[in-house]
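Letter by letter, the chains look like this.
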Amino acid sequence: MYAIVEIAGQQFRVEKDKKLFVHQLEAEAGDSVDFEKVLLVDNDGKVAVGTPTVKGAKVTAKVLEHVKGDKVIVFKKKRRKGYQKMNGHRQQYTQIQVETIVG
């Protein structure tokens, strides 16, 4: 059984006991979060597609930890002008583990 769910503006394919990284959520480590925006549920070949979401479907996940992603270097340069600028960015992520899929 799997589901396609929208979490923080992105769509993920989730299964029971699967771990994934999503954009940072407003929850503490160890908390349980529910996701109501379930777009598709496949239950052993029986596919339910939502318009836009599946009614009564819900995905419950447990927050494991908050982590930072890899550093991305942003380098801007204009040749022959003496302009160059270097910047770095590290995205904040939340690692979750899917506990149940109801649908």
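The name given to the chain in an unreviewed UniProt entry is Large ribosomal subunit protein bL21, and the organism recorded there is Maribellus comscasis. Quoted verbatim from the Sequence similarities (unreviewed entry) field of UniProt, the annotation for the chain is "Belongs to the bacterial ribosomal protein bL21 family."

Trainee: Even after reading the chapter, I still don't get the environment of Glu-15, so can you show me in this structure?
Mentor: With respect to the helices, strands and loops of the structure, Glu-15 is situated in strand S2 (residues 10–15). In this structure the C-alpha to C-alpha distance between Glu-15 and Gln-97, which are 82 residues apart in sequence, comes to 9.3 Å. Among all residues touching Glu-15, those that are not within four sequence positions of it are Met-1, Tyr-2, Val-98 and Ile-101. Within the local environment of Glu-15, its side chain forms a polar contact with the side chain of Arg-13, the two groups lying 3.1 Å apart.

Trainee: Help me understand the packing of aromatic side chains in this model?
Mentor: The description of two aromatic rings rests on the distance between their centres and on the angle between their planes. Applying the stated rule across the entire model yields zero aromatic pairs. The positively charged end of Arg-13 is found above the aromatic ring belonging to Tyr-2, 3.9 Å away from the centroid.

The rules behind the values
Residues numbered from 1 in each chain as written. Predicted model: local features only at pLDDT ≥ 70, side-chain atom pairs only at ≥ 80, totals over all residues. Heavy atoms only, no water. UniProt positions renumbered as here; feature names shortened; annotations may be inferred. Helix = DSSP H or I, 4+ residues; strand = E, 2+ residues; numbered from the N terminus. Contact = heavy atoms within 4.5 Å. Polar contact = N/O pair within 3.5 Å; in protein donor to acceptor, adjacent residues only side chain to side chain. Phe/Tyr/Trp six-rings, centres within 6.5 Å; stacked < 30°, edge-to-face > 60°. Lys NZ or Arg CZ within 6 Å of the ring centre and 35° of its normal.

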